[in-house]
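Overview (structure and organization)
Here is how the chains run, residue by residue.
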Amino acid sequence: MANRELILLALDQSPTLSLMERALRAAGHDVTIVRHQAALENVLAESSPSLLLLGETFDATDGIELGRRQLERFPTLPILLFAEKETLPTIRSALKAGLSGVLTAPLKTDDIVQAVDRALKRASNLGDWLRREVRRTTASLESRTQISESERGRLETIIAGIEDGVIVLDPAENLGLMNRAAREIFGLQETDVAGRALEVVLAQTDLPALLASPSNRATRLFELNLEDGRVFKAQHTPIPQIGSAVTLHDITEIKRLEKAKGDFVHTVAHDLRSPLTAVLGYAELVEHAGSLNDNQHDFVNRIQTSVKSITGLVNELLEFGRLESTTDTRRENVQLESVLKDSVALFEPLILQKKLQMQLETGTGLPPVRANPVRMRQLMDNLVSNAIKYSPDGGEVQLSLRCDNHQLIFQVKDSGPGIPQEDQAHIFERFYRARNVDGTQGSGLGLTIVKSIADSYNGRVWVESAEGLGSTFFVVLPAQETSSA
Ligand code: ADP
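Each residue is numbered by its place in its chain's sequence as written, counting from 1. Totals for whole chains, interfaces and linings use all residues, but because this is a predicted model, local features are given only for residues with pLDDT of at least 70 and pairs of side-chain atoms are given and counted only at 80 or more. Side-chain measures here rest on the full set of heavy atoms in the structure, leaving out hydrogens and waters.

1. Brief notes about helix H9 (residues 252-289)
For an α-helix the count is 3.6 residues per turn, leaving residues at separations of three or four pointing the same way. For helices the rule is a DSSP run of H or I covering at least 4 residues; for strands it is a run of E covering at least 2, with both sets numbered from the N terminus onward. Here a helix's expected span is defined as the number of its residues, less one, multiplied by 1.5 Å. With 38 residues, H9 should reach 56 Å at 1.5 Å per residue; the first-to-last C-alpha distance of 55 Å fits that figure. The angle separating two fitted axes, one through the seven residues that finish at a residue and one through the seven that start at it, defines the bend at that residue. For H9, the principal kink sits at Arg 273 and spans about 30°; a proline, Pro 275, occurs within the next four residues. Residues of H9 that are buried include every one of Ala 269, Leu 276, Leu 280 and Ala 283, and no others. Residue burial is assigned from relative accessible area. The probe radius is 1.4 Å, only protein chains are included, and a residue is buried under 20% of its type maximum, exposed over 50%, and partly exposed in between.

2. Examining the packing of helix H11 (residues 336-346) against helix H13 (residues 373-390)
Note on method: axes are straight lines fitted to C-alpha atoms, helices fitted across the in-contact stretch only, with angles between N-to-C directions ranging 0 to 180 degrees. At their nearest, the axes of H11 and H13 sit 9 Å apart, and the two run at 45° to each other. Looking at the two axes, H11 sits oblique to H13. Between H11 and H13 the crossing geometry is right-handed. Contact with H11, carried on its side by Leu 336, Val 339, Leu 340, Asp 342, Ser 343 and Leu 346, involves Met 376, Arg 377, Met 380, Asp 381 and Val 384 of H13 and no other residues of that element. Its residues placed into classes, the contact of H11 with H13 shows seven nonpolar, one polar and three charged. For classification purposes, angles smaller than 35 degrees are called roughly parallel, those larger than 145 roughly antiparallel, those between 65 and 115 roughly perpendicular, and all remaining angles oblique. Each helix crossing is assigned a hand: it is left-handed if the near helix lies turned anticlockwise from the far helix by less than a right angle, otherwise right-handed if that turn is clockwise. In what follows, residue pairs with any heavy atoms lying within 4.5 Å of each other are defined as contacts. Charged residues are taken to be Asp, Glu, Lys and Arg, nonpolar residues to be Ala, Val, Leu, Ile, Met, Phe, Trp, Tyr, Cys and Pro, and polar residues to be all remaining types, Gly included.

3. Brief notes about H11
Those residues of H11 that sit buried are Leu 336, Glu 337, Val 339, Leu 340, Ser 343 and Val 344. Buried residues in H11, looked at end-on, bunch into an arc of 160°, giving them a common side. This arc corresponds to the set of directions leading from the helix axis out to the C-beta atoms.

4. Quick look at the pattern of salt bridges
What makes a salt bridge here is a side-chain nitrogen of Lys or Arg within 4 Å of a carboxyl oxygen of Asp or Glu, nothing more. Enumeration over the complete set of coordinates arrives at 17 salt bridges. Between Arg 73 and Glu 41 there is a salt bridge whose closest N-O contact spans 2.4 Å. Taken as a pair, Arg 73 in helix H3 (residues 63-73) and Glu 41 in helix H2 (residues 37-47) lie far apart in primary sequence, 32 residues in all. Note on Glu 41: relative accessible area 25%, which makes it partly exposed. The salt bridge partner of Arg 68 is Glu 65, with a shortest N-O separation of 2.7 Å. Here the residue Arg 68 and the residue Glu 65 both occupy positions in helix H3, the gap between them amounting to three residues, near one helical turn.

5. Regarding the side chain of Asp 414
Within the element layout of this structure, Asp 414 appears in strand E17 (residues 407-414). It turns out Asp 414 is buried and unbridged, and the closest side chain with the opposite charge, Lys 413, is 7.8 Å from it. Polar contacts involving the side chain of Asp 414 include one to the main-chain amide nitrogen of Gly 416, which spans 2.9 Å. Apart from the residues lying within four places of it in its own chain, the contact partners of Asp 414 are Ala 387, Ser 391, Glu 396, Val 397, Gly 470 and Ser 471. Only four residue types enter the tally: Lys and Arg on the positive side, Asp and Glu on the negative side; His and the chain ends are excluded. Think of a polar contact as two N or O atoms within 3.5 Å of one another; within protein, one of them needs to be a possible hydrogen donor and the other a possible acceptor, and neighboring residues in sequence only count if both atoms come from side chains.

6. Quick look at the sheet that holds strand E11 (residues 231-239)
The strands that make up a sheet pair up through hydrogen bonds in the backbone, lying either parallel or antiparallel. Only strands joined by at least two bridges in the DSSP assignment are considered to pair. Read from one edge to the other, the open sheet built from five strands follows the order E9-E8-E12-E11-E10, with strand pairing classed as antiparallel. In the strand order of this sheet, the two ends are held by strand E9 (175-178) and strand E10 (220-225), each with one partner. With direction set aside, neighbouring strand axes in the sheet form an average angle of 20°. As defined by bridge partners, strand E8 (residues 165-169) adjoins E9 across three bridges and the pair is classed as antiparallel. Across the sheet, residue Val 168 finds its bridge partner in E9, namely Leu 177.

7. With respect to the site of the ligand
By convention in this text, a residue qualifies as near a molecule or strand provided that one of its non-hydrogen atoms is within 4 Å of it. With respect to spatial proximity, 19 residues lie near the ligand, and among them Asn 386, Tyr 390, Asp 414, Arg 433 and Asn 436 are the closest. Here Ala 434 contributes a backbone N or O atom positioned 2.9 Å from an oxygen atom of the ligand. Protein chains shield 99% of the accessible area of the ligand, which is 520 Å² for the free molecule. Whether a set of points on the 1 Å grid over the protein atoms alone is a cavity depends on a 1.4 Å probe fitting there but being unable to get out, while an open set qualifies as a pocket with protein on both sides within 12 Å along at least five of seven lines; lining residues are those with an atom within 4 Å of a point. Pocket occupancy is defined atom-wise: a molecule lies in a cavity or pocket when more than half of its atoms are within 2 Å of its grid points. When atom positions are compared with the pocket grids, the ligand is found to occupy the second largest pocket. Where the shell around the ligand is concerned, the elements lending two or more residues are H13, helix H15 (446-456) and strand E19 (471-478). Counting residues per element, the shell around the ligand draws most heavily on H13, at three residues. Classifying every residue of the shell around the ligand gives nine nonpolar, seven polar and three charged. In short, Shrake-Rupley with a 1.4 Å probe defines the accessible areas, and a residue's cover is counted only from the protein chains shown.

8. Quick look at the layout of surface pockets
As a volume, the second largest pocket reaches approximately 920 Å³. Mapped by element, the contributors of at least two residues to the lining of the second largest pocket are helix H10 (294-325), H13, H15 and E19. If one sorts the elements of the lining of the second largest pocket by residue count, H13 sits on top with eight residues. When the residues that make up the lining of the second largest pocket are grouped by side-chain class, the tally is 16 nonpolar, 16 polar and six charged. Taken together, domain 3 (254-325) and domain 4 (332-478) each give at least three residues to the lining of the second largest pocket, which thus spans both. Grid points are joined across faces, edges and corners, and a volume is the space filled by probe spheres set on the points. Here the limits of each domain have been adopted from an automatic or database domain assignment.

9. Some words on a nonpolar patch on the surface
Patch construction takes residues with relative accessible area above 30% that form no salt bridge. Like charges are linked within 9 Å, and nonpolar side chains (Val, Leu, Ile, Met, Phe, Trp, Tyr) are linked within 5 Å. Together, Leu 126, Trp 129 and Leu 130 give the surface a local cluster of nonpolar side chains, amounting to about 280 Å² of exposed area. Under the relative-accessibility criterion, Trp 129 is labelled partly exposed at 43%.

10. So, the nonpolar core
The nonpolar side chains of soluble globular proteins are, as a tendency, buried together. If you look at the biggest cluster of nonpolar residues, it comprises 50 residues, and the most contacted ones within it are Leu 336, Met 376, Leu 379, Leu 383, Phe 410 and Phe 473. Among the elements that take part in this core, H13 stands out by supplying seven residues, more than any other. The residues that make up this core include at least three from each of domain 3 (254-325) and domain 4 (332-478). Non-local contacts of Met 376, meaning those with residues more than four positions away in its chain, are made with Val 334, Leu 336, Val 339, Val 369, Ala 371, Ile 453, Tyr 457 and Leu 477. Counting residues in hydrophobic clusters, the runner-up holds 21 residues, among them Met 178, Ala 182, Ile 185 and Leu 211. Here, nonpolar core refers to any group of buried Ala, Val, Leu, Ile, Met, Phe, Trp, Tyr and Cys residues whose side-chain atoms link them within 4.5 Å.

11. Points about the packing of aromatic side chains
Classification of ring pairs rests on two measures: the distance between centres of Phe, Tyr or Trp rings, Trp counted by its six-membered ring, which must be within 6.5 Å, and the angle between planes, read as stacked under 30 degrees, edge-to-face over 60 and tilted in between. On inspection of all chains with the given rule, the structure shows two aromatic pairs. Both rings, one in Phe 428 and one in Phe 473, keep their centres 6.3 Å apart while their planes meet at 75°; by these two values the pair is edge-to-face. Residue Phe 428 is found in the loop between helix H14 (421-424) and H15, and its partner Phe 473 is found in strand E19; the two are separated by 45 residues along the sequence. Residues Phe 428 and Phe 473 agree in their burial class; the two are buried.

Written out as structure tokens, the structure reads:
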């Protein structure tokens, strides 16, 4: 053998022991002989021999049992058993105990050396394999750790560089992360805010209260108004196993432009109202100024209809402008069923004129909504008037109001033309009129007003419709919890 290996001989004194010692030394191995178990334990622990050659009995102990015990401590140590006789039970027990092989008398020098070298080779192959496996596993673990660390680094750089504010909260609303942009938005000097409560760090802002407001929606959108006039669109999204994240996008400029546009529309609408009133007044006076022939009478009627329609548009524009520009702080407990009845009463003449079948279904003991009653009436008037306006003569309109899961649900179903699928996503936008209107007069502002009102009370509005099958509009508003309810 090229490498000198230490072979430990644990055999009782015998000619075989001497033969083994000589043969192994001659083959280039180092040999240590132990005479009792205590010495065996010592040498095994301190000298790490490459192989143990054990007698069938050693120091009055069964060699196989002794070998089994040593393998519990040194599982990779090759152990050969020397037995006086080759019997099947001995070989089977030795292998079962995990020994590497059995040598039996009579022995020749070559038998000893070959058996020892074979066992050493097998052990060295096993050792190589084990070492390779350990290296491979370690390398792969290291690379995985490196990947996750480099990915974390990359993520942190990305989040830090995002122009929008990003805040990550744990389930108890403590800050986990706040990127540079978020800290700048709130003018925070400190960089390490992790672990601190949001309501403490951002106590001067509306954000903690906005996030605390109850909602049954997963992702929520808010407008966050700061004292210095800046406005942010805040999106709050739950993240399973982490908590939630808030992103803040600066919409101050958009808001400024919207206001400028609103102001312009308001001014134009306002300035148009007086001349329109004058035109309508004079058109009515013409009929009293003298007799008109049929043609003249028809023309004057047409002028009056058109001016009324433009006046309606101008009034809606002014109303919408008012809705957008003022902060509506009036809040009362409003019983929607009585608002709805008043609204239907307003349209009674039209309902009769179009011979519509009107069905009104309201649950009993409905809780109120906390709102401005004028806005609630506007919302209902717009939806009811649309249902009447777009229904054909003799059609059917069903109105219902119910409470479900602390929410009031107002439903308006008509037998009108239905709204094409592609238009449905746009009908709540200002001035949008779907291609189904077919001569029906309108401004495209009614549903924008409805949505604006619903949004301002944390409500929702949507439509379910199909062409030729009518439309159903839904408005959901949070019910006001009353102690008696
Ligand atoms: P308009 O003054 O045009 O009715 P709205 O904002 O109230 O404006 O509605 C926007 C568009 O949505 C309408 O132009 C029409 O195309 C469609 N729409 C609204 N309500 C109904 C309805 N009940 N049935 C069919 N289409 C409707």
